[in-house]
Amino acid sequence: MAEDPSLSLRVSEIKDPAALFERYNTDEIRRIERKVRGEIEQKKEELRQMVGERYRELMDAADTIGEMRQCSESVVQSIQDMHQYCHSLKRGKTSVTSSSRQESQRQWQDKFYTMAAQIKLLLEIPERIWSAMEASQYLQATQLYLLCCHLHSLLQLEAATGGHYSPVLARFPILVRQVATTGHFRSTILLDSRSLLQGRAVSDQAIAEALVSTMLLEGSSPRQALADFLLARKASIHQLLNQPQHGAGIKAQVCSLVELLVTTLFQAYAVFYLPPEGGPRPGEGTLSCGMLFSILEIATANTPAAKGKRVMQGETSTGSWFKYLPPSITEFQPTLRTLAQPIQREQLRDTLQQWIDTCKEVICHGVGGLLVYVKSLKGLAAIRDAVWDLLSTESISQHWSTVCQRLLERPLAVWDDFLQQLFLQRLKAITKEETEAISTSSIQLLTSAVRDLEGQTIHTSSCTSPSFSRGAQFEVDVASFLWSESPGDLLSDAGWVSVSQRGQQHQRSSLAMKTQALTPCVQNFCSSMDAKLKERLDDVQHYLPSQDSGADSNSVSITSSVPITSTSASSFNRYTDSPAVEEAFREGCLACVHSILTSIRSELATTSPKPVPAQLSSVLFMARLCQSMGELCPNLKHCILGKQNGSEATAKGTPRQAKKLGKARTATEFSPAQAKWAGLKEELLNCSMEAYRIWSFSLSKVLLDKFGTALHAESAGAILTTATNWEDLEIQEEAESGSSVTSKIRLPVQPSWFVQSLLFQLCVEVNRVGGHALPRPTLQELLQACHAQVLDHFHSLTQQAPNREAVFPMTQNRALQLLFDLRYLSTTLGCRLEEGKSSRSQQDPRFHEICDWLESFIDPFDLDVFTPPLNSNLNRLSQRTSVLLGLLTGSEKQFSLRSSSLNSQEPYNILPLASSQIRFGLLPLSMSNVRKSKSASRSSEAPHQPRF
């Protein structure tokens, strides 16, 4: 059954009666009317009951008052009857006796009125004490309480010996309860006065009056009052530190602590400090001092100034019965049990210093526990700035140095002595936690990428359909990434924004990444790490001076080096610890990168002895990662050099411009941060070169093993399968008769198939990993390793026994082909020439030994005839294959001619190779000897420059 809506309607919800007729029907409105009338009757009944109960209480009170009036009238009547009876008994005496009795009666009446006035005052004092305490006037409440105690002694209200009441209590029983009530005032006033001492927003006058109240009630000395004041402030500090975290923010708690500490010293000066003899008296200067002693003098002394401040001053006009109070009450002044001696300056200084030392331990421990809940440097900076704003207020900074010098005889820096080290320690802890989190996540990302690459390589080699990401496929085969098209190859604004106008911080196109063979895995890793570093860098910038307020920070740093003046003594230089902050942040970032490098080196150590093909992709990934981390993570440079220094270093221009501008710059001009950045780049480069070295060693070993197997072929069929085209040449020779004789000779014009296969596979592998972006030293090491192993295999061929069975003998044609192969391989893979050295002095001695061994199988007369056309074929072949083998033929390659001299000229006018590693090293370029020497010296310096 649905609930009736008219019954659920409350009477208080009825605002407009017209709305009821719109919402409800007639029956529902009648039910609402009955409900309202019922509630009206119920309220009337409750009102009648309440009025009846109050009326009964009023009647009881009226009856009681009437009985008291009747009782008092009967007492007065009885006293009058007694007086008339006594008067009638003494009527017969002489007139002299009657006059003396009248005088005694008048004196007795005055005493009675005096006692009655004291009793009335005694009954009114508790209400006045409560009113004074509600108004936080504890000194007035104390004076009234002491007056009440004085009245007790005058009226002899204390309990007599044997537990009997005094005569006054026996005649006036109402005073019994009043005496009991008065006994609780002392503890209440003391408790409230001490609680007042713990407040931060309490005036100096109220503090001094509360301390005077305590001294009057306990009879203590000013030194004890100072101890009570400092103890109350210490308890207030504990209370601030122990309050619940949800009640107030940490910033508010720290600011409250600083405010309480500063206010305590100001109030200690205002209340307890007395200037030396001859100095300005309290109240003469801008700072008031000695308020405790001035208030105490006014409250207790009998000087003319104190007479106007008596307890009952101004109360005599409120009632006619005040004129019956004796002078001991109207002129009452409290007294101290001991003489209030001023506190010596040395005692005040030592006591305050001891209190500061104790509070320093408490604050350091408490604030250190509070700062644990601050998880960012932005929060720390907000707290520091709030403290700076508090200490920079005019009310504090104007007199802070004066107060500290007079109280402590030394300056007191609140931030430097109490909080700076706590904030710096928390900053270092936050930086360490965050950088460790970055290194942990980066290492996890690195490990995941390495495992994906190894699995991708295994699946690719087993010809199964890979289920890994496309980025892992590109990492295994960089060539597929280089020659693939993507929407981000060119930026959307590439048509109207030039490269020179595009800053380092702008987004880079995919085409720019491809020119450096930076695969998606490397980009993702570096972008993830750079984003985290940028977040940390932005966070630490809140704690450092902003770049747009350079003048402000400079002025602050300048003022921090001069003596502190009284106008800004309490404030502090917020950025004085900026070098320590930057150093802590720098060390955290360096430790983060070092941990990543340690993980990379551990991964490389597992693959370095004998890397399997499945591990080479991950090795190359780590090599490219170390090579490009400094460039793809610009915020890493800002973290180590500082954001402003890093931006200045980036904005210096191109390396060519920097070289022109800084030719005279030496290594001693680098700052420590720049030295650390250079050291980090060197470590990244060394780790990258180590990974590339593992790859080049594995690649050369695999390819040269196949080469050695084909070279050491022993059967005629295997040797014939590697044979290539020979060229028929007609030569003219002079016969003995002087006539010319034409003859035909056959010479090799192509290397053996296994030699071509070696060079082609080497080019394929180099291009597959993005050979145009390989470091020049790595490519040179690869070629030198291949060249050395080629010579090893040829040298092992010379060591074979010449007369072994089932071994095809070394013929002249085979020797010519092998000689052509060897010289062609030495030309392609050989090392570059150094300036001032011949090609023969640069070649391996084994090369000449092998050539001599092969030439021994050729007829000497034929060798003289074959050498010029053989050299010509070799040069022509090298030029033809320089395009195909562009990455293997450097710009300084020269053909190793057995009979060529050092100063021989180039037989061909060809386009020289570029001096630097170009993107697609395929076109040969011609150059003069001078350009060769320049490019050689330039390339010799290139390996020492980090590729960042």
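Because the structure is a prediction, the values reported are computed rather than measured.

Caption draft 1: A look at the overall build of the protein. The helix and strand inventory of the protein stands at 38 helices and two strands. Expressed as a percentage of its 948 residues, the buried residues of the protein come to 40%. Residue pairs in contact within the protein that sit at least 24 positions apart in sequence constitute 77% of those at least 6 positions apart. Entry remark: accessible area of the protein is about 52,100 Å², with carbon and sulfur atoms responsible for 54%.

Caption draft 2: Summary view of a nonpolar patch on the surface. Residues Leu-47, Met-50 and Val-51 make up a contiguous nonpolar surface patch of about 270 Å² in total accessible area. By secondary structure assignment, the location of Val-51 is in helix 3 (residues 26-89). Residue Val-51 is classed as partly exposed on the basis of its relative accessible area of 48%.

Caption draft 3: Representation of the environment of Ala-785. Along the chain, Ala-785 falls in helix 33 (residues 776-798). Overall, Ala-785 belongs to the partly exposed group, its relative accessible area being 27%. Placed 81 residues apart in sequence, Ala-785 and Leu-704 show a C-alpha to C-alpha distance of 9.7 Å.

Caption draft 4: Local environment of the packing of aromatic side chains. Applying the stated criterion across every chain, the model contains eight aromatic pairs. Residues Tyr-269 and Tyr-273 carry aromatic rings whose centres are separated by 4.9 Å and whose planes lie at 20° to one another, so their mutual orientation is stacked. Overall, Tyr-273 belongs to the buried group, its relative accessible area being 4%. Put simply, the rings of Phe-707, Phe-754 and Phe-794 touch in pairs and so form one group of aromatic residues. The aromatic ring of Tyr-543 is capped on one face by Arg-384, whose charged end is 4.4 Å from the ring centroid. Here Arg-574 stacks its cationic end above the ring of Trp-388, 4.0 Å away from the centre of that ring.

Caption draft 5: Focus on the confidence of the model for the protein. For the protein, the average pLDDT comes to 76, and 73% of its residues sit at 70 or higher. Helix 15 (residues 345-371) holds the highest mean pLDDT among the elements of the protein, 92, whereas helix 24 (residues 550-559) holds the lowest, 37. Below a pLDDT of 50 lies the segment residues 651-668, which in the model reaches three contacts outside its immediate sequence neighbourhood of four places, other chains included. Between residues 833-841, whose pLDDT stays under 50, and residues either more than four places distant or in other chains, the model counts 12 contacts.

Caption draft 6: The arrangement of the nonpolar core in detail. Phe-272, Leu-419, Phe-621, Met-629 and Phe-707 are the most contacted members of the largest nonpolar core, which totals 206 residues. Apart from residues no more than four positions distant in its own chain, Phe-272 is found in contact with Leu-211, Pro-222, Ala-225, Leu-226, Phe-229, Gln-267, Leu-292, Phe-293, Ile-343 and Leu-348.

Caption draft 7: A look at the environment of Pro-777. As for its position among the elements, Pro-777 is in helix 33. Overall, Pro-777 belongs to the buried group, its relative accessible area being 18%. As for Pro-777 and Arg-693, which are separated by 84 residues in sequence, their C-alpha atoms are 9.7 Å apart.

Caption draft 8: Spatial organisation of unusual backbone geometry. The phi dihedral of Ser-136 is positive, around 60°, even though this residue is not glycine. Examined against the element boundaries, Ser-136 turns out to sit in the loop between helix 4 (95-134) and helix 5 (138-155). Phi is positive for Glu-409, which is not a glycine, with a value near 60°. Within the element layout of this structure, Glu-409 appears in the loop between helix 18 (400-408) and helix 19 (414-461).

Basis of the calculations
- Each chain has its residues counted from 1, running along the sequence as written.
- Residue-level local features of this predicted model are given only where pLDDT is at least 70; pairs of side-chain atoms are given and counted only at 80 or more, and the full residue set underlies all totals for whole chains, interfaces and linings.
- The side-chain quantities take in all heavy atoms of the structure and omit both hydrogens and water.
- Secondary structure is summarised from DSSP: a helix means a run of H or I of at least four residues, a strand means a run of E of at least two, and numbering begins at the N terminus for each.
- Relative accessibility decides the category of a residue: with a 1.4 Å probe and only protein chains considered, values under 20% of the type maximum give buried, values over 50% give exposed, and everything between is partly exposed.
- Any pair of residues with heavy atoms lying within 4.5 Å of one another is described as a contacting pair.
- For the area figures, the Shrake-Rupley method with a 1.4 Å probe applies, and any residue is considered shielded solely by the protein chains shown.
- Within the patch definition used here, like charges are joined within 9 Å and nonpolar side chains (Val, Leu, Ile, Met, Phe, Trp, Tyr) within 5 Å, considering only residues with over 30% relative accessible area and no salt bridge.
- Salt bridge, as used here: a side-chain nitrogen of Lys or Arg that lies within 4 Å of a carboxyl oxygen of Asp or Glu.
- Geometry of aromatic contacts follows a simple scheme: Phe, Tyr and Trp rings, the Trp one being its six-membered ring, pair when their centres are within 6.5 Å, and the pair is stacked under 30 degrees between planes, edge-to-face over 60, tilted otherwise.
- Both a distance and an angle decide whether a charge sits over a ring: NZ of Lys or CZ of Arg must be within 6 Å of the ring centre and within 35 degrees of the ring normal.
- The predictor attaches a confidence to each residue, called pLDDT, with possible values from 0 through 100.
- By nonpolar core is meant a set of buried Ala, Val, Leu, Ile, Met, Phe, Trp, Tyr and Cys residues that side-chain atoms within 4.5 Å join together.

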